[in-house]
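Notes for the structure review
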2 protein chains.
Amino acid sequence: MNATTPSAGGRTPAATVDGVVTRSAGREIPEATVARLPVYLRALHAMLERGISTCSSEELAVAAGVNSAKLRKDLSYLGSYGTRGVGYDVDYLRYQIAREIGVTQDWPVIIVGIGNLGHALANYSGFRSRGFRVVALLDADPALSEKVVAGLPVRPFAELDAIVAEQSVAIGVIATPAEAAQSVADEMVGAGITSILNFAPSVIAVPEGVDVRKVDLSIELQILAYHEQRKTPSVSEPEQGASA
Amino acid sequence: MNATTPSAGGRTPAATVDGVVTRSAGREIPEATVARLPVYLRALHAMLERGISTCSSEELAVAAGVNSAKLRKDLSYLGSYGTRGVGYDVDYLRYQIAREIGVTQDWPVIIVGIGNLGHALANYSGFRSRGFRVVALLDADPALSEKVVAGLPVRPFAELDAIVAEQSVAIGVIATPAEAAQSVADEMVGAGITSILNFAPSVIAVPEGVDVRKVDLSIELQILAYHEQRKTPSVSEPEQGASA
DNA sequence: TAGATTGTTAATCGATTAACAATC
DNA sequence: TAGATTGTTAATCGATTAACAATC
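Residues numbered from 1 in each chain as written. Chains lettered and ligands numbered in written order. Predicted model: local features only at pLDDT ≥ 70, side-chain atom pairs only at ≥ 80, totals over all residues. Heavy atoms only, no water.

**Considering the packing of helix H1 (residues 31-49) of chain A against helix H10 (residues 217-231) of chain B**
To keep it simple, the criterion reads: In this analysis an axis means a line fitted to C-alpha atoms, helices contributing only their contacting stretch, and an angle means the value between N-to-C directions, from 0 to 180 degrees. Each helix is a run of DSSP H or I of at least 4 residues and each strand a run of E of at least 2, with the numbering of both proceeding from the N terminus. Angular relationships are summarised with four words: roughly parallel below 35 degrees, roughly antiparallel beyond 145, roughly perpendicular across 65 to 115, and oblique for the angles in between. Crossings are classed by handedness, with left-handed meaning an anticlockwise turn of the near helix from the far one by less than a right angle and right-handed meaning a clockwise turn. Throughout, a residue-residue contact means that at least one pair of heavy atoms, one from each residue, lies within 4.5 Å. For this classification, Asp, Glu, Lys and Arg are treated as charged, while Ala, Val, Leu, Ile, Met, Phe, Trp, Tyr, Cys and Pro are nonpolar and the rest, including Gly, are polar.
Between H1(A) and H10(B), the shortest axis-to-axis distance is 9 Å and the interhelical angle comes to 125 degrees. Considered as vectors, H1(A) and H10(B) are oriented oblique to each other. The element H1(A) and its partner H10(B) pack so that their crossing is right-handed. Residues Glu31(A), Val34(A), Ala35(A), Pro38(A), Val39(A), Leu41(A) and Arg42(A) of H1(A) form the contact with H10(B), whose own contacting residues are Ser218(B), Ile219(B), Gln222(B), Ile223(B), Tyr226(B) and His227(B). Class assignment for the residues of the contact of H1(A) with H10(B) results in eight nonpolar, three polar and two charged.

Right, here's the structure in full:
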């Protein structure tokens, strides 16, 4: 039980991911499952577009790239939305997952750092259809403050507080250089943002109650390199490869 | 669009990573550890830049955002590179991790799909210093085939085979729309590429022996949204937040 | 020696998977 | 009823963590 006054800069309870937080139902969905729900959602969308109205756990599992036991186990945390002997109604399951994730309505999002990557993110068309709406672009560089990117004016970083308050922004995206990331995160948290997607290649520290997810291009590549190195034996180190 | 015959789920789990593949040493490093090694590497780099030549597991753990028990456990898979009572030599440990990951030399990488995102990736300066070198940019759109992006000419997709063979490319990055991803992946595999970093929002199927990692912006945001939804109770759904 | 910190053990926790009873 | 497929159980596997003996 927490009587959180849902107010500005609201440092939500603690634990966040753990328990503690008031949950609508007592359902405790494992992190690994949470991370896969969006994948199922996307697969269901694709099925709907292809006019498929019913599917089995096996079919959905294949479309999502997992095995069907895992899929059924994952869905079981949400409830019983299938029919034994028949399968799942695609549109119904899609709605239930969207509701569970919380993307039945759009979340307002801001992007800070409008360099090459910020530019690409601002133009990414997938946000809108996936439950997000980019409401503002911010950059510390005054030279950018005139430009319009993806239909939105680039605004000075100083306007952060006002924008967050005005638009009730809870999610912020950091696309700045590594050096700026921590201070941008601090400002975001100060303004009331409680979820951050960090594209800058640095670890940022945030108070409890704030969630951070990190996307790091070179880390992903390095993980691939590790396995690649072990695939092609022989030859010194890299520089080898696909002698087809 | 990819009603693909499921030859394999995404990611290519076990098989590739497990046994089968010839490994230089018998060391079996857990996936979770492999995914963290690049983070340690980055933290060590940052320390070196700040002139720090020695660190304890506690200090490195803090810099990497993990706890020190996990860090020491992770490092123990590589060997014993620390000194009890003293700590780690930053430069020595950095080298050992880089060697383990396989980034003591540069891996040639190609990027397919030079839209907004491909553009941003091509310009990402972090690749070079992290063990990768972008050797070619490809796009199916002939209109782009004149342009130069990040100092490299955009080449027609048809040149894929030649480029991969010529430059011994083992790693490819897909930055195309979702619809094109599967066929691009097929062509990459055909050309001899065995590791793919996929930015397109779709699950791609690849044969065994090929590794795929996926970076999906809206999936990351949806995971944040899920937790965000549970943070601020009250109020309908989204659109809530920092009502100052 | 005394203090510090690693590398490792063992207990715990969480995630995956196969198998199958429930049931449409 | 017979066939199909879910939802759940239980076994297994892998990852995390605290604690501490080894040792600098």
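**A look at the protein's contact with DNA strand C**
Here is the rule we go by: Any residue with a heavy atom positioned within 4 Å of a molecule or strand is treated as near that molecule or strand. Throughout this description, a polar contact denotes any pair of N or O atoms lying within 3.5 Å of each other; where both atoms belong to protein, one of them has to be capable of donating a hydrogen while the other can accept it, and for residues adjacent in sequence the pair is counted only when both atoms sit in side chains.
The immediate surroundings of DNA strand C are formed by 26 residues, with Arg36(A), Arg84(A), Ser57(B), Gly82(B) and Tyr88(B) found nearest. Here, DNA strand C places atoms within 4 Å of the protein, and 65% of those atoms are sugar or phosphate. Asn67(A) has a polar side-chain atom sitting 2.9 Å from a phosphate oxygen of DNA strand C. Here a base nitrogen of DNA strand C and a side-chain polar atom of Arg72(A) are 3.4 Å apart. Of all the secondary-structure elements, those providing two or more residues to the surface near DNA strand C are H1 and helix H3 (68-76) of chain A together with helix H4 (68-76), strand S2 (82-83) and strand S3 (87-89) of chain B. When residues in the surface near DNA strand C are grouped by element, the largest group, four residues, is from H3(A). Classifying every residue of the surface near DNA strand C by side-chain character gives six nonpolar, eleven polar and nine charged.

**Some words on the packing of helix H4 (residues 90-101) of chain A against H10(B)**
Axis separation between H4(A) and H10(B) bottoms out at 7 Å; the angle between their running directions is 65 degrees. Packed against H4(A), whose contacting residues are Arg99(A), Glu100(A) and Ile101(A), the element H10(B) presents Gln222(B), Ala225(B), Tyr226(B), Gln229(B) and Arg230(B) at the interface. Among the residues making up the contact of H4(A) with H10(B), the classes are represented as three nonpolar, two polar and three charged.

**Thoughts on the sheet that holds strand S4 (residues 107-112) of chain A**
Residue and element names in this part refer to chain A. Using the following cut-off: Paired strands, as defined in this entry, are two strands with at least two bridges between them according to DSSP.
Here we have seven strands laid out as an open sheet, ordered S6-S7-S5-S4-S8-S9-S10, and mixed in their pairing. The two strands at the open ends of the sheet, each matched to only one other strand, are strand S6 (148-149) and strand S10 (211-214). When strand S5 (residues 132-139) meets strand S7 (residues 152-156), the two strands line up parallel, connected through three bridges. When the bridges of S7 are listed, Leu138 appears paired with Arg155.

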